[in-house]
Amino acid sequence: MHIVKRLESRKYEILLLVLLQHLFIGIFLTDLDFYTRVIWPANMLILGLGSVFLFTGKHSWKHWLRNLHFVVVLLLPIGIPFFKNVTWYFAVLNINYVVFFCFLFIEVLHFLVKPGYINTDIISASACGYFLLIEISVFLLQYFEYQNHQAFKGVDTSSPAHTFIDLVYFCSITFTSIGFGDITPNLPTTKLITSFIGIAGQFYTVVLVGILISKFSSDSKAS
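So, how was this worked out
By convention here, each chain's residues receive numbers from 1 onward along its written sequence. Note on the predicted model: pLDDT of at least 70 is required for a residue's local features to be given, and 80 or more for side-chain atom pairs to be given and counted; whole-chain, interface and lining totals, by contrast, use all residues. Side-chain metrics in this entry use all non-hydrogen atoms of the structure; hydrogen atoms and water are not considered. Here a strand is any run of E in DSSP of at least two residues, a helix any run of H or I of at least four, and the numbering for each starts at the N terminus. The size measure is the radius of gyration over C-alpha atoms, and the globule rule it meets is 2.2 Å times the number of residues to the 0.38 power. Whether a residue is buried, partly exposed or exposed follows from its accessible area with a 1.4 Å probe, protein chains only, as a fraction of its type maximum: under 20%, in between, or over 50%, in that order. Only heavy atoms enter the contact rule, under which two residues are in contact if any of them lie within 4.5 Å. The Shrake-Rupley method, run with a 1.4 Å probe, gives the accessible areas here. Residue values count only the displayed protein chains as cover. Counting rule applied: Lys, Arg positive; Asp, Glu negative; His and chain ends not counted. To locate a charge, the coordinates of NZ of Lys, CZ of Arg, CG of Asp or CD of Glu are taken. Nine residue types can take part in a nonpolar core, namely buried Ala, Val, Leu, Ile, Met, Phe, Trp, Tyr and Cys, and a core is a set of them joined through side-chain atoms within 4.5 Å. Note on definitions: angles span 0 to 180 degrees between N-to-C directions of axes, and those axes are lines fitted to C-alpha atoms, for helices only across the stretch in contact. Note on terminology: angles under 35 degrees are roughly parallel, angles over 145 are roughly antiparallel, angles of 65 to 115 are roughly perpendicular, and the others are oblique. For a crossing to be left-handed, the near helix must be turned anticlockwise from the far one by less than a right angle; the clockwise case is right-handed. For this scheme, ten residues count as nonpolar: Ala, Val, Leu, Ile, Met, Phe, Trp, Tyr, Cys and Pro. Four count as charged, namely Asp, Glu, Lys and Arg, and the remainder, Gly too, count as polar. What makes a salt bridge here is a side-chain nitrogen of Lys or Arg within 4 Å of a carboxyl oxygen of Asp or Glu, nothing more. Patches in this entry comprise residues that are over 30% relatively accessible and not in a salt bridge; like charges within 9 Å are linked, as are nonpolar side chains (Val, Leu, Ile, Met, Phe, Trp, Tyr) within 5 Å. Whenever two N or O atoms come within 3.5 Å, that pair is a polar contact, provided that in protein one can donate a hydrogen and the other can accept it, and provided that, for residues adjacent in sequence, both atoms are side-chain atoms.

Novice: Hey, could you go over the overall build of the chain for me, with residue numbers and the actual values?
Specialist: Along its length, the chain carries 9 helices and 2 strands. Along its sequence from the N terminus, the chain presents helices and strands in the succession α-α-α-α-α-α-α-β-α-β-α. In terms of C-alpha radius of gyration, the chain reaches 18 Å, essentially the compact-globule figure of 17 Å for 223 residues. Dimensions of the chain along its principal axes, counting C-alpha atoms only, are 60 × 40 × 35 Å. In the chain, which comprises 223 residues, the share counted as buried stands at 45%. Long-range contacts, defined as pairs at least 24 residues apart, comprise 73% of the intrachain contacts of the chain with a sequence gap of at least 6. Surface summary for the chain: the accessible area is close to 11,700 Å², and the carbon and sulfur share equals 71%. In the chain, 14 positive and 12 negative side-chain charges are present, and the distance between their average locations comes to 10 Å.

Shown next as structure tokens:
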């Protein structure tokens, strides 16, 4: 029980670590087929376990629905090696991932907008929100890429792992306003969604700065 309480007190740091490993573990891997078959399902299990502490002590229907949905999200990657050439399977997978990460993002936002103090939880939750936006964007764009392989220029579609890594890279440089131009949206739909993603990233940053400043100001006045 003491260990669980300690983990719960570090829930945002834990979520941040699992988000980082989920998005960027490909840096350390060269066998992307192994990544698709083994690492991806294991990643989703780790991500689910890392996010469970956000919902401890909450028993509303929304949280039961979230738990049920997590089971679906956990099982979907297991089928990738068997359905890797089935378009509808990847459509279902990506839509479910978008919903799952939206659940987490909303929970993090609820915490961030509460009035009060600024501490390591606030910093970790802020970073989690940023990486959750990237997760949502990646799987949203993957949905359109699997529907039409002309959706983007420069995305490697030779395997699900290559596609995922390319879109993590693309969404990251879009959010940071770097935009190297090696991957570009190629359809009106993906152009507009990419535009919206860029705006959402900038808006989150601006709002987050305002939240942090207001919390810091509240701390200063209280002291």
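Novice: I'd like to hear about the nonpolar core, residue by residue, with values.
Specialist: Core analysis: the largest hydrophobic core is formed by 57 residues, its most contacted members being Leu15, Phe101 and Val108. If you list the elements that add at least two residues to this core, you get helix H2 (11-24), helix H3 (32-51), helix H4 (61-75), helix H6 (87-112), helix H7 (120-147), helix H8 (160-175) and helix H9 (188-222). Discounting chain neighbours no more than four positions away, the residues touching leucine 15 are Gly50, Ser51, Leu54, Leu104, Val108, Cys128 and Leu132.

Novice: Which residues make up the packing of H3 against H6, and what values go with them?
Specialist: With their axes 12 Å apart at the nearest point, H3 and H6 run at an angle of 25 degrees to one another. One finds that H3 runs roughly parallel with respect to H6. Of the two possible hands of crossing, H3 and H6 adopt the one that is left-handed. Facing H3, whose interface residues are Trp40, Met44, Leu47 and Ser51, H6 presents Leu93, Tyr97, Phe100, Phe101 and Leu104. For the contact of H3 with H6, the class distribution of residues is 8 nonpolar, 1 polar and no charged.

Novice: Any details on the pattern of salt bridges? Residues and values, ideally.
Specialist: Using the criterion set out here, one finds 2 salt bridges in the structure. Across the pair glutamate 13 and arginine 10 runs a salt bridge whose closest N-O atoms are separated by 3.3 Å. Glutamate 13 gets classed as buried once you look at its relative accessible area, which sits at 18%. The shortest N-O distance in the salt bridge between arginine 37 and aspartate 33 comes to 3.0 Å.

Novice: I'd like a rundown of the packing of helix H1 (residues 2-9) against H2, residues and numbers included.
Specialist: Packing of H1 against H2 brings their axes to within 5 Å, and their N-to-C directions diverge by 70 degrees. Judged by the angle between their axes, H1 and H2 are roughly perpendicular. Listed contacts from H2 to Leu7, Glu8 and Ser9 of H1 are Lys11, Glu13 and Ile14.

Novice: So what's going on with a nonpolar patch on the surface? Residues and values would help.
Specialist: Together, Phe82, Phe83, Trp88 and Val92 make up an exposed nonpolar region whose accessible area comes to about 460 Å². Breaking the nonpolar patch down by element, the ones donating at least two residues are helix H5 (80-83) and H6. Considering the arrangement of structural elements, one finds phenylalanine 83 in helix H5. For phenylalanine 83, a relative accessible area of 33% gives the class partly exposed.

Novice: I'd love a proper account of unusual backbone geometry, names of residues and values included.
Specialist: With phi around 60 degrees, serine 177 is a residue other than glycine that occupies positive phi space. One can find serine 177 in the loop between H8 and strand S2 (184-185).

Novice: Account for the environment of tyrosine 143, with residues named and values stated.
Specialist: Mapping tyrosine 143 onto the fold places it in helix H7. With 80 residues separating them in the primary sequence, tyrosine 143 and histidine 63 have C-alpha atoms 25 Å apart. Not counting chain neighbours up to four residues away, the residues in contact with tyrosine 143 comprise Ala91, Asn94 and Ile95.

Novice: Go over the side chain of histidine 69, please, and point to the residues and values.
Specialist: Inspection of the secondary structure assignment puts histidine 69 in helix H4. Within the local environment of histidine 69, its side chain forms a polar contact with the side chain of asparagine 96, the two groups lying 2.9 Å apart. Setting aside residues up to four positions removed in sequence, histidine 69 forms contacts with Asn96, Val99, Phe100 and Phe103.

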